[in-house]
Amino acid sequence: MNALEVIRADRVLSVVRAPEIPDPVALAEALAQSGIRTLELTFTTPGVLGYLSKAGAAADAVLGVGTVLHADQARAAIDHGARFLVTPGVRAEVAAVAAERDIPVVMGAFTPTEVLTALDLGAAAVKIFPARALGPGYLKDLRGPFPDVTLIPSGGVNAGNAAEFLAAGAVAVTAGTDVLAPADVAAGRWSDIASRAASFVRSMN
């Protein structure tokens, strides 16, 4: 399966924002074994491309890179093994690289106009960010004019509201600091992270 198929199947992707990742393979495998196979590393983590290369050895993990703002970042991420890209907003130059390299891009948007622009640029999915701002009701409203768009809320999604976002029409949700607390990642608390990931997955049903 390609990255978007895995995201749709699991209905969740994880994103980690941490100052360091002492063992990216252990992190990716802890998540995958708990039911979250997609892991988005981000350019806000220093040395992210090195972590991405190492994490490629993880079994069952599908790795991507987020906070991609420019074409050169997109190319570098793909060269280091990213199977999908994520942007915080509409970024035409990132979309162009993704299309050129046949890699799906999940493009950040918030308003209907931004969703349309992301689709026009070839986004495989649209990340509604920040989802906490208006909650599941807003996602349900977006589903009206965009019934067939892969919408993925991000920012403020947690085990307490993930099921609501999915019921409102999200194809998948993003598991962020609710599962991957930066301090726990930096300290290598993989069993704690695996436990929270499993709880998050259970909460979606």
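Small disclaimer: the values here were computed from a predicted structure and weren't measured.

## Some points on the packing of helix α2 (residues 24-33) against helix α10 (residues 190-203)
Close contact between α2 and α10 brings their axes to 8 Å; oriented N to C, the two are set at 30 degrees. As the angle between them shows, α2 and α10 are arranged roughly parallel. Crossing geometry of α2 relative to α10 is assigned as right-handed. Residues Ala 26, Leu 27, Ala 30 and Leu 31 of α2 lie in contact with α10, whose contacting residues are Trp 190, Ile 193, Ala 194 and Ala 197. Residues belonging to the contact of α2 with α10 are distributed by class as follows: 8 nonpolar, no polar and no charged.

## Considering the packing of aromatic side chains
Each aromatic ring pair is described using two quantities: the centre-to-centre distance and the angle formed by the ring planes. The final tally for this structure, using the stated rule, is 1 aromatic pair. A cation over an aromatic ring shows up here: Lys 127 above the ring of Phe 129, its NZ or CZ 5.2 Å from the ring centre.

## Regarding the nonpolar core
Core analysis: the largest hydrophobic core is formed by 66 residues, its most contacted members being Val 16, Leu 27, Leu 31, Leu 85, Val 173 and Phe 200. Not counting the four nearest positions on each side in its chain, Leu 31 is found in contact with Ser 14, Ile 36, Leu 39, Val 179, Leu 180, Ile 193 and Ala 197. Counting residues in hydrophobic clusters, the runner-up holds 12 residues, among them Ala 3, Ile 7, Val 86 and Ala 125.

## Topic: the environment of Val 105
Relative to the helices and strands, Val 105 resides in strand β5 (residues 105-109). Accessibility expressed as a relative area gives 2% for Val 105, which makes it buried. As a C-alpha pair, Val 105 and Val 94 span 11 residues in sequence and 8.1 Å in three-dimensional space. If we skip the residues at most four places from it in the chain, Val 105 touches Leu 85, Thr 87, Val 94, Ala 95, Ala 98, Gly 122, Ala 123, Ala 124 and Ala 125.

Reading the values: the criteria
Residues numbered from 1 in each chain as written. Predicted model: local features only at pLDDT ≥ 70, side-chain atom pairs only at ≥ 80, totals over all residues. Heavy atoms only, no water. Axes fitted to C-alpha atoms, helices over the stretch in contact; angles between N-to-C directions. Helix = DSSP H or I, 4+ residues; strand = E, 2+ residues; numbered from the N terminus. Parallel < 35°, antiparallel > 145°, perpendicular 65-115°, else oblique. Left-handed = near helix turned anticlockwise from the far one by under 90°. Contact = heavy atoms within 4.5 Å. Nonpolar A, V, L, I, M, F, W, Y, C, P; charged D, E, K, R; others polar. Phe/Tyr/Trp six-rings, centres within 6.5 Å; stacked < 30°, edge-to-face > 60°. Lys NZ or Arg CZ within 6 Å of the ring centre and 35° of its normal. Core = buried A, V, L, I, M, F, W, Y, C linked by side-chain atoms within 4.5 Å. Buried < 20%, exposed > 50% of the residue type's maximum accessible area, 1.4 Å probe, protein only.

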